[in-house]
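# A look at the structure
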Amino acid sequence: MRLLAALAAGALFGLGLIVSDMVNPARVLGFLDIAGDWDPTLAFVLAGALAPMAVVWRIAAGRAAPVCGGSFPGRPSTRLDGRLIGGAALFGVGWGLVGFCPGPALVALGSGSLEALTFSVAMLIGMLVYEFAAPAEKAA
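So, a few notes on the structure that sits alongside this text. Along each chain, the written sequence defines residue order, and numbers are assigned to residues from 1. Whole-chain, interface and lining totals are the exception, using all residues; otherwise, since this is a predicted model, local features are given only for residues with pLDDT of at least 70 and side-chain atom pairs are given and counted only at 80 or more. Only hydrogens and water are set aside when side-chain values are computed; all heavy atoms of the structure are taken into account.

## Points about the overall build of the protein
Worth spelling out the cut-off: Secondary structure elements are defined from DSSP: runs of H or I of at least 4 residues count as helices, runs of E of at least 2 residues count as strands, and each element is numbered from the N terminus. A simple rule labels every residue: compare its accessible area, found with a 1.4 Å probe on the protein chains alone, to the largest value its type can have, and call it buried under 20%, exposed over 50%, or partly exposed in between.
From N to C terminus, the protein includes 6 helices and 0 strands. Put simply, the protein runs from its N terminus to its C terminus through helices and strands in the order α-α-α-α-α-α. Overall, the C-alpha framework of the protein stretches about 45 × 45 × 30 Å when taken along its three principal axes. Counting over 140 residues, the protein shows a buried share of 16%.

Take a look at the structure:
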């Protein structure tokens, strides 16, 4: 049941990215270009996502456990450290340079986009580098 729910949620998310044209890097870069030809589309997509999530969070707060089993995650840490700030900065710079973040890039792979493929390969390399560097970081 959990796998089917995850598959349905992922498919719905991907469809939403396609319908809103968020798989188009030019759309995202237009949103980030606040000093030029600004495109507010991404702001409307984000606002449109917040409304239903506010309802879902309210419903979830009244439940003892998730519908598909398991447990609700705990509250995230509110501590701002170098890793969080560095990771957020790296994400933002990458997003601003190419107009892709992981979700839309993976959806855009389905269209045969060379840019999405290049981004996804670079993302996987970065993940592998982190996996090999993280044990050394934890040991230090």
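Text resumes after the structure shown.
## A short note on helix H1 (residues 2-19)
This is how the line gets drawn: One less than the residue count of a helix, multiplied by 1.5 Å, gives the span that helix is expected to have.
Taking 1.5 Å per residue as the helical rise, H1 with its 18 residues ought to reach 26 Å, and the 25 Å between its terminal C-alpha atoms agrees with that figure. Two residues or fewer past H1, Asp-21 is found with a positive phi of approximately 65°.

## Remarks on the packing of aromatic side chains
The line we're drawing: Here a Phe, Tyr or Trp ring, Trp counted by its six-membered ring, pairs with any other such ring whose centre lies within 6.5 Å, and the pair is stacked when the planes are under 30 degrees apart, edge-to-face when over 60, and tilted otherwise.
Throughout the structure, instances matching the rule amount to 3 aromatic pairs. On the numbers, 6.0 Å between centres and 40° between planes, the contact of Phe-31 with Trp-38 is tilted. Take Trp-38: its relative accessible area is 41%, and that puts it in the partly exposed class. Seen in terms of ring centroids, Phe-100 and Phe-119 are 5.8 Å apart; in terms of plane orientation they differ by 45°. Their pairing is tilted. With a gap of 19 residues between them, Phe-100 in the loop between helix H4 (82-98) and helix H5 (102-109) and Phe-119 in helix H6 (residues 114-139) connect regions that are remote in the sequence.

## So, the environment of Ala-65
Tracing the backbone through its elements, the reader meets Ala-65 in the loop between helix H3 (41-61) and H4. Since its relative accessible area comes to 32%, Ala-65 is described here as partly exposed.

Distances and angles like these do not, on their own, reveal function.
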